Amino acid sequence: MSLSPLPVYADACGWNALLPPRPPRPPAQGDIRVKYAVVGAGYTGLAAARRLAELDPQAEIAVLEGTTVGEGSSARNSGFATRFDAKVGLSPKEAARAEQLNRFTGEGFDYLLAGMAAGGFSCDLEETGRILGAATEAGEAKVRELIDGAAAQGVAARLLDRAGVAALTGTTYYRSGARTESGYLLQPAALIRGLADALPAGVRLYETSPVEAIEEGRPRLLRTPQARIRAECVVLATNAAIKHFGVWRDGLVTIYTYAGLTEPIAPERQERLGAAAWGLLPAHRLGSTLRRVGADRLMIRSLYAYEWPIDSRAAAQALKARFDRRYPELADVRLQYVWGGTTALTMNGSPRWGRIGEGLYGSAGCNGAGIVKGTVLGKRLAEMIVTGDAQEALQSAYGRADRIAPEPFRTIGFRLVSAIESRKAGAEM
Ligand SMILES: Cc1cc2nc3c(=O)[nH]c(=O)nc-3n(C[C@H](O)[C@H](O)[C@H](O)COP(=O)(O)OP(=O)(O)OC[C@H]3O[C@@H](n4cnc5c(N)ncnc54)[C@H](O)[C@@H]3O)c2cc1C
């Protein structure tokens, strides 16, 4: 079992491997003094650092990343983003909260767009809409629920039969689907690398600089293998790894999930891959995500593991089996890259966010949607720090993460729920 302060992955991130090599920024060394230290260069940390620099342009800001940018979870994901979560079938109270959340989602998405514009880089962002795919009877009920709710609220959603899903995705595996217009796909390693390289003046990024300990005091002292960083204010943007610092252990669970990217598929077989660009989300939360990547590859994301990673070879075999079930005619196609990543799960989906102590702030628990959510939560955390605004609207929209039962009940409970839900998910996996 690893005692590392951050997740250590057995396999390189496939999205990062598709890009030209990027030389990492040098590690932090010696004695460093800054006003703000941001720990973690994912979406949350980079948004916080950028916003701190915008609001306090004279301040010196250090971002400390334990790995290299492009190898953390912010690059290891499926690249689904949205500026508007179409929530349908909600009670009036839930609908009001969904509307508030949508405003923050839009703000996060726009902040990403502004970062892309400032950096002048591409991350293959495309508005593709998204498909909710159903491979089981229970999944079909979810699809109908989405279609009915959408109609009642005047949201555009199209019911697809098996042939309709196949026309878009190239697989006849799904019985039906619901296609909604809102939804984007992007190359996550290109996005996080671009954002890191476009940080404003005043922000210094240090890579391969895991923060091993934070000592109390004003300023606080952060220790990395080669540096001692003194900071008046520390932002913990380490996602579930925040637990290493003894913070929010009662509210966050680390979940490993896995993705595989096929090798390039020959041009004469590419008509089997469906439409030019599409992304499919599963009708069950333990199901598999699928998407097309460029002209010639497919990606599958699946499997969940609680707190500890699955053996790499077992994960690769399981992903390939799930891919083959969907594309039996492409069974000879290899998954060229398979990798795992972590998400921080909270029981009710609300993040842990805000002030932790004197000069110490944090944000964690984006579940599976941190590209946009991490961005807005990081941005708003910086606003809270600099302006003192308590961010009540944000806190009321996102809510507060429920506490999780202590050990051993937590592990027993998780295993039980996971077994029950896996049985329910069935062919959606
Ligand atoms: C396979 C997979 C698919 C996913 N699909 C999607 C998707 O399609 N859309 C979506 O929005 N989200 C998706 N997610 C979730 C998304 O990746 C996360 O929500 C997002 O990365 C959270 O961003 P973050 O900045 O809060 O945390 P992270 O991206 O985890 O960034 C935290 C950073 O902190 C660093 N760190 C940790 N501890 C330390 C330390 N002690 N010192 C220094 N650095 C440290 C880590 O190395 C890491 O780079 C997926 C996740 C996975 C694993």
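Heads up: these notes are all about the structure in this document. Every value quoted in this text rests on a predicted model; they were computed, and no experiment measured them.

## Structural notes on the site of the ligand
By nearness alone, 38 residues border the ligand, and T44, E65, S74, F80 and V211 come closest of all. A distance of 3.1 Å separates an oxygen atom of the ligand from a polar backbone atom of S73. Contact distances for the ligand include 2.6 Å between an oxygen atom and a side-chain N or O atom of S74. Contact with the protein chains removes 96% of the 1,000 Å² of surface that the ligand exposes when unbound. Taken together, the elements giving at least two residues each to the shell around the ligand come down to α2 (43-55), β17 (335-345) and α8 (370-387). When residues in the shell around the ligand are grouped by element, the largest group, three residues, is from β17. Split into classes, the residues belonging to the shell around the ligand amount to 14 nonpolar, 21 polar and three charged.

## Examining the pairing of strand β15 (residues 289-293)
The side chains of a regular strand alternate, first on one face of the sheet and then on the other. Where burial is concerned, most of β15 is hidden: five out of the five residues are buried. Where burial is concerned, the two faces of β15 agree: the one with T289, R291 and V293 and the one with L290 and R292 are both buried. When strand β14 (residues 279-282) meets β15, the two strands line up antiparallel, connected through two bridges. Pairing of L280 across the sheet is with L290, part of β15. Hairpin connection from β14 to β15: six residues lie between these consecutive antiparallel strands. Across five bridges, β15 lies against strand β16 (residues 297-306) in antiparallel orientation. Among the inter-strand pairings, R291 is bridged to a residue of β16, identified as M299. Here β15 hands over to β16 after three residues, with G294 in that stretch at a positive phi of 65°.

## Concerning the state of the cysteines
Applying the stated criterion to the full structure yields zero disulfides. The closest cysteine sulfur to the non-disulfide-bonded C13 is located on C123, 14 Å from its own sulfur. Accessibility expressed as a relative area gives 2% for C123, which makes it buried.

Rules used throughout
Residues numbered from 1 in each chain as written. Predicted model: local features only at pLDDT ≥ 70, side-chain atom pairs only at ≥ 80, totals over all residues. Heavy atoms only, no water. Near = heavy atom within 4 Å. Polar contact = N/O pair within 3.5 Å; in protein donor to acceptor, adjacent residues only side chain to side chain. Areas by Shrake-Rupley, 256 points an atom, 1.4 Å probe, with all protein chains shown as cover. Helix = DSSP H or I, 4+ residues; strand = E, 2+ residues; numbered from the N terminus. Nonpolar A, V, L, I, M, F, W, Y, C, P; charged D, E, K, R; others polar. Buried < 20%, exposed > 50% of the residue type's maximum accessible area, 1.4 Å probe, protein only. Pairing = 2+ DSSP bridges. Disulfide = S-S within 2.5 Å.

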